[in-house]
Amino acid sequence: MNVFAAATDVLFADPNLGETALWQADGVGPCVPVRVIRRRPDAVVEFGASRALMATVLLDLRRAEVSVIDEGDLFVIGAETFKIIGMPASDPMGLVLTCEAVKV
């Protein structure tokens, strides 16, 4: 394990940043416990000459825990369920996957 992977593990284990979630591939089958970092940045969307502020949900996952995430996968965090709505993006080192999600 390199220093970047070790630092990533520390961040995800931190209770102030990381949360335990249950991952369910394609929304069926057994749930797998994983650690996630949930982010809720606002996105500015432009429609012609007007702009709208739209709330988004991004989930960061360690690739060591979940190597393949697909659109339609579900994550249950506490009492909330989130559905992945697009293909995940990877960080340059391939340690973290970032997925856009919506609350269902």
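Basis of the calculations
Residues numbered from 1 in each chain as written. Predicted model: local features only at pLDDT ≥ 70, side-chain atom pairs only at ≥ 80, totals over all residues. Heavy atoms only, no water. Helix = DSSP H or I, 4+ residues; strand = E, 2+ residues; numbered from the N terminus. Contact = heavy atoms within 4.5 Å. Areas by Shrake-Rupley, 256 points an atom, 1.4 Å probe, with all protein chains shown as cover. Lys, Arg positive; Asp, Glu negative; His and termini not counted. Charge placed at Lys NZ, Arg CZ, Asp CG, Glu CD. Buried < 20%, exposed > 50% of the residue type's maximum accessible area, 1.4 Å probe, protein only. Arc of directions from axis to C-beta. Polar contact = N/O pair within 3.5 Å; in protein donor to acceptor, adjacent residues only side chain to side chain. Disulfide = S-S within 2.5 Å. Pairing = 2+ DSSP bridges.

**Some words on the overall build of the protein**
Okay, step 1: In terms of helices and strands, the protein carries 1 helix and 9 strands.
Okay, step 2: Sequence-ordered secondary structure for the protein, helices as α and strands as β, is α-β-β-β-β-β-β-β-β-β.
Okay, step 3: Each of the three principal axes of the protein carries a C-alpha extent, and together these read 50 × 35 × 25 Å.
Okay, step 4: When contacts within the protein are restricted to residue pairs at least 6 apart in sequence, long-range pairs at least 24 apart make up 44% of them.
Okay, step 5: Carbon and sulfur atoms make up 61% of the accessible area of the protein, which totals about 6300 Å².
Okay, step 6: The averaged location of the 14 negative side-chain charges in the protein is 4 Å from the averaged location of its 9 positive side-chain charges.

**Quick word on unusual backbone geometry**
Outside of glycine, negative phi angles account for most residues, and trans bonds account for most peptide bonds.
Okay, step 1: The backbone of aspartate 26 shows a phi angle near 60°, a positive value even though the residue is not glycine.
Okay, step 2: Locating aspartate 26 in the fold gives a position in the loop between strand E1 (18-24) and strand E2 (32-39).

**Section: helix H1 (residues 3-13)**
Okay, step 1: Inspection of H1 places Ala5, Thr8 and Phe12 among the buried residues, and these make up the whole buried set. Considered in projection along H1, the buried side chains sweep an arc of 60° and stay on one side of the axis. Facing away from the buried surface of H1 by more than 90 degrees, the exposed residues are Val3, Val10 and Ala13.
Okay, step 2: On its buried face, H1 is in contact with E1, E2, strand E5 (57-62) and strand E9 (96-103).
Okay, step 3: Between the side-chain oxygen at the start of H1 and the backbone nitrogen of phenylalanine 4 there is a gap of 2.9 Å, and the oxygen is on asparagine 2.

**Some words on the environment of leucine 97**
Okay, step 1: Of note, leucine 97 is situated in strand E9.
Okay, step 2: Taking the C-alpha atoms as reference points, leucine 97 and tryptophan 23, 74 residues apart in sequence, are found 14 Å from one another.
Okay, step 3: Not counting residues up to four positions away in its chain, the partners in contact with leucine 97 are Leu59, Asp60, Leu61, Arg63, Val66, Ser67, Ile69, Pro88, Ala89 and Ser90.

**A few points about the state of the cysteines**
Okay, step 1: The final tally for this structure, using the stated rule, is 0 disulfides.
Okay, step 2: Not part of a disulfide, cysteine 31 finds its nearest cysteine sulfur in cysteine 99, a span of 16 Å.
Okay, step 3: For cysteine 31, a relative accessible area of 39% puts it in the partly exposed group.

**Structural notes on the pairing of strand E3 (residues 42-47)**
Okay, step 1: The buried count for E3 comes to 0 of 6 residues, which makes it a mostly uncovered element.
Okay, step 2: Pairing of E3 with strand E4 (residues 50-55) involves 6 bridges; the strand directions are antiparallel. Bridge pairing in E4 links glutamate 46 to arginine 51.

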